[in-house]
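As a plain string of letters, each chain reads:
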Amino acid sequence: MTVYELYKKAINVMFEKPNSKVYENYYLTHINLLLANVFDINNTIRNKNGLESLDVIPVMTNDNDEIPYEDIVLNEILPWGLAAQFSIDDDLNKYSIYNTNFLNACFKHERAIISEVSDVYG
């Protein structure tokens, strides 16, 4: 999914008009903040799927950048997070709904990181 596709998905869940330009000056910054916010969740999903973790948080610089996150993060988590960021200054009731959906999706897809335990007292 590209940066612009994620932006369009977020304004869609907010029931904004498809040609709305209200948030066009802000979405790139907010997407980068969200990518940092869900970086660890994305890596645990990658590990669960047998993929290596990403080493660094990606930084998007233009509309056509492909976001290198798992589909579940792109489709279930990030749109709600972006919608919440957009609505925080406009309507706290909508913000609450979008942010709750974002947090619920984060909690739903968090995974434990299994590692070996070593005896530090041994």
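Residues numbered from 1 in each chain as written. Predicted model: local features only at pLDDT ≥ 70, side-chain atom pairs only at ≥ 80, totals over all residues. Heavy atoms only, no water.

Colleague: Help me understand unusual backbone geometry in this model?
Modeller: It is generally the case that most residues other than glycine have a negative phi and that most peptide bonds are trans. In the Ramachandran plot, Phe15 falls in the positive-phi region, its phi being about 60 degrees despite a non-glycine side chain. For Phe15, the position within the fold is in the loop between helix H1 (3-13) and helix H2 (27-37). The exposed category is assigned to Phe15, whose relative accessible area is 75%. (Helix = DSSP H or I, 4+ residues; strand = E, 2+ residues; numbered from the N terminus. Buried < 20%, exposed > 50% of the residue type's maximum accessible area, 1.4 Å probe, protein only.)

Colleague: I keep staring at helix H3 (residues 39-48) and nothing clicks. Help me out?
Modeller: For an α-helix, 3.6 residues make a turn, and residues three or four places apart therefore share a direction. In terms of residue burial, H3 counts as a mostly covered element, since seven of its 10 residues are buried. Among all positions of H3, only Phe39, Ile41, Asn42, Asn43, Thr44, Ile45 and Arg46 are buried. Packing partners of the buried residues in H3 comprise H2, helix H4 (71-87) and helix H5 (92-109). (Contact = heavy atoms within 4.5 Å.)

Colleague: Sorry, what's going on with the packing of aromatic side chains here?
Modeller: Two descriptors summarise a pair of aromatic rings, namely the distance from one centre to the other and the angle between the planes of the rings. With the rule as written, the count across this model stands at six aromatic pairs. When the centroid spacing of 5.7 Å and the interplanar angle of 50 degrees are considered together, the rings of Tyr4 and Tyr7 count as tilted. Taken together, the residues span about one helical turn, with Tyr4 and Tyr7 both in helix H1 at a distance of three residues. Through successive ring pairs, a cluster of aromatic residues spans Tyr4, Tyr7, Tyr23, Tyr27 and Phe86. (Phe/Tyr/Trp six-rings, centres within 6.5 Å; stacked < 30°, edge-to-face > 60°.)

Colleague: What is the right way to read H4 from this model?
Modeller: The terminal C-alpha atoms of H4, which comprises 17 residues, lie 24 Å apart, in line with the 24 Å expected from a rise of 1.5 Å per residue. Considering bend angle alone, the principal kink of H4 is centred on Leu78 and spans about 40 degrees; proline Pro79 follows within four residues of it. Residues of H4 that are buried: Val73, Leu74, Ile77, Leu78, Pro79, Gly81, Leu82, Ala83, Ala84, Phe86 and Ser87. Packing partners of the buried residues in H4 comprise H1, H2, H3 and H5. (Expected span 1.5 Å × (residues − 1). Bend = angle between axes of the 7 residues up to and from the residue.)

Colleague: Sorry, what's going on with the environment of Asn47 here?
Modeller: Relative to the helices and strands, Asn47 is located in helix H3. Excluding residues within four positions of it along the chain, Asn47 makes contact with Glu52 and Ser53. Separated by 3.1 Å, the side chains of Asn47 and Ser53 make a polar contact. (Polar contact = N/O pair within 3.5 Å; in protein donor to acceptor, adjacent residues only side chain to side chain.)

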